[in-house]
Amino acid sequence: MKPIEIIAQIVGIFGMLMSVLSYQQKGKARILFFQLFGSALFVVNFFMLGAFSGAILNLVAIIRALIFIYEDKIRGDHPAWTIGLTVVYILSYVSVFTIFGKEPTPLNLILEVLPVIAMTVTTIAFRRKEDKALRRVAFISSPLWLTYNIIFFSWGGIIGETLNLSSAIIGTIRLDRKKEENKVE
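Residues numbered from 1 in each chain as written. Predicted model: local features only at pLDDT ≥ 70, side-chain atom pairs only at ≥ 80, totals over all residues. Heavy atoms only, no water.

A. Spotlight on the nonpolar core. Counting 29 residues, the largest nonpolar core has Phe46, Tyr89, Trp145 and Tyr148 as its most contacted members. Elements with a minimum of two residues in this core: helix 1 (3–22), helix 2 (28–49), helix 3 (52–69), helix 5 (79–98), helix 6 (106–126) and helix 8 (138–152). In contact with tyrosine 148, not counting residues within four places along its chain, are Phe46, Ala51, Phe52, Ser53, Gly54, Leu111, Glu112 and Pro115. (Core = buried A, V, L, I, M, F, W, Y, C linked by side-chain atoms within 4.5 Å. Buried < 20%, exposed > 50% of the residue type's maximum accessible area, 1.4 Å probe, protein only. Helix = DSSP H or I, 4+ residues; strand = E, 2+ residues; numbered from the N terminus. Contact = heavy atoms within 4.5 Å.)

Structure below.
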């Protein structure tokens, strides 16, 4: 393994730690704060691995997290933000084949759309106020990102998405079910 690949994997592992820890946080802002730092580290990880779609989408994820952290101040819950971010996701998908010159084979077209779908679903969940929606979106987005990470051999991403799913399950049981049980009592 080349030194740049080793560094990329180390950065990805730190990104993974931030992402996994996000699902154990109470409060939307804390979840988003951890995801913001995880995304920043994954920008570097994916860029170093040549996975440009992942790098671009994680860069947009930083902006998305800031929008939803400060949503009260900038009306981040307005549907225009979701539409605008989705357009940026689509443009990033197109840029992988136009600007970065990736060959648009059927496999590449499918592979590069997986994180776009994951990001779109996550953005829709971020519009929700309850923590539960943020944890449950992992059941859709993590398998999509996991596939992408396997193809681009991002250890941090592979381990991270596996742990994200586990962490989302634990967080759902520990925090969401507990709230539901307290409501019943």
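Alright, that's what it looks like, and here's the rest.
B. Here's a closer look at the side chain of glutamine 25. Here glutamine 25 is to be found in the loop between helix 1 and helix 2. Of the residues examined, glutamine 25 reaches a relative accessible area of 10% and is grouped as buried. Of note is the side chain of glutamine 25, whose polar atom sits 3.0 Å from the backbone oxygen of leucine 21. (Polar contact = N/O pair within 3.5 Å; in protein donor to acceptor, adjacent residues only side chain to side chain.)

C. Up close: helix 1. For helix 1, built from 20 residues, the straight-helix expectation of 28 Å at 1.5 Å per residue is met to within 8% by its first-to-last C-alpha distance of 29 Å. Buried within helix 1 are the following residues: Ala8, Gln9, Val11, Gly12, Gly15, Met16, Ser19, Val20 and Ser22. (Expected span 1.5 Å × (residues − 1).)

D. Up close: unusual backbone geometry. Even without being glycine, phenylalanine 153 reaches a positive phi, approximately 55 degrees. Locating phenylalanine 153 in the fold gives a position in the loop between helix 8 and helix 9 (155–184).

E. A look at the environment of glycine 27. Mapped onto the secondary structure, glycine 27 falls in the loop between helix 1 and helix 2. Here glycine 27 falls in the partly exposed class, since its relative accessible area comes to 25%. For the pair formed by glycine 27 and lysine 129, sequence separation is 102 residues and the distance between their alpha carbons is 9.4 Å.

F. Summary view of the packing of aromatic side chains. A full pass over the atoms with the stated rule returns 11 aromatic pairs. Seen from their ring centres, phenylalanine 33 and phenylalanine 37 are 4.8 Å apart, and the 75 degrees between their planes marks the pair as edge-to-face. Within this pair, phenylalanine 33 and its partner phenylalanine 37 are both found in helix 2, separated by four residues, close to a single helical turn. Measuring from centroid to centroid gives 5.8 Å for phenylalanine 47 and phenylalanine 52, while their planes differ by 65 degrees, and the two rings are edge-to-face. Judged by relative accessible area, which is 53%, phenylalanine 47 ranks as exposed. Taken together, the aromatic side chains of Phe42, Phe46, Trp145, Tyr148 and Phe152 make up a single cluster linked through ring pairs. (Phe/Tyr/Trp six-rings, centres within 6.5 Å; stacked < 30°, edge-to-face > 60°.)

G. Broad picture of the side chain of threonine 122. Inspection of the secondary structure puts threonine 122 in helix 6. Judged by relative accessible area, threonine 122 falls into the buried class, the value being 8%. A polar side-chain atom of threonine 122 sits 2.8 Å from the main-chain carbonyl oxygen of alanine 118. For threonine 122, the contacting residues outside a window of four places in its chain are Arg64, Val137 and Ser141.

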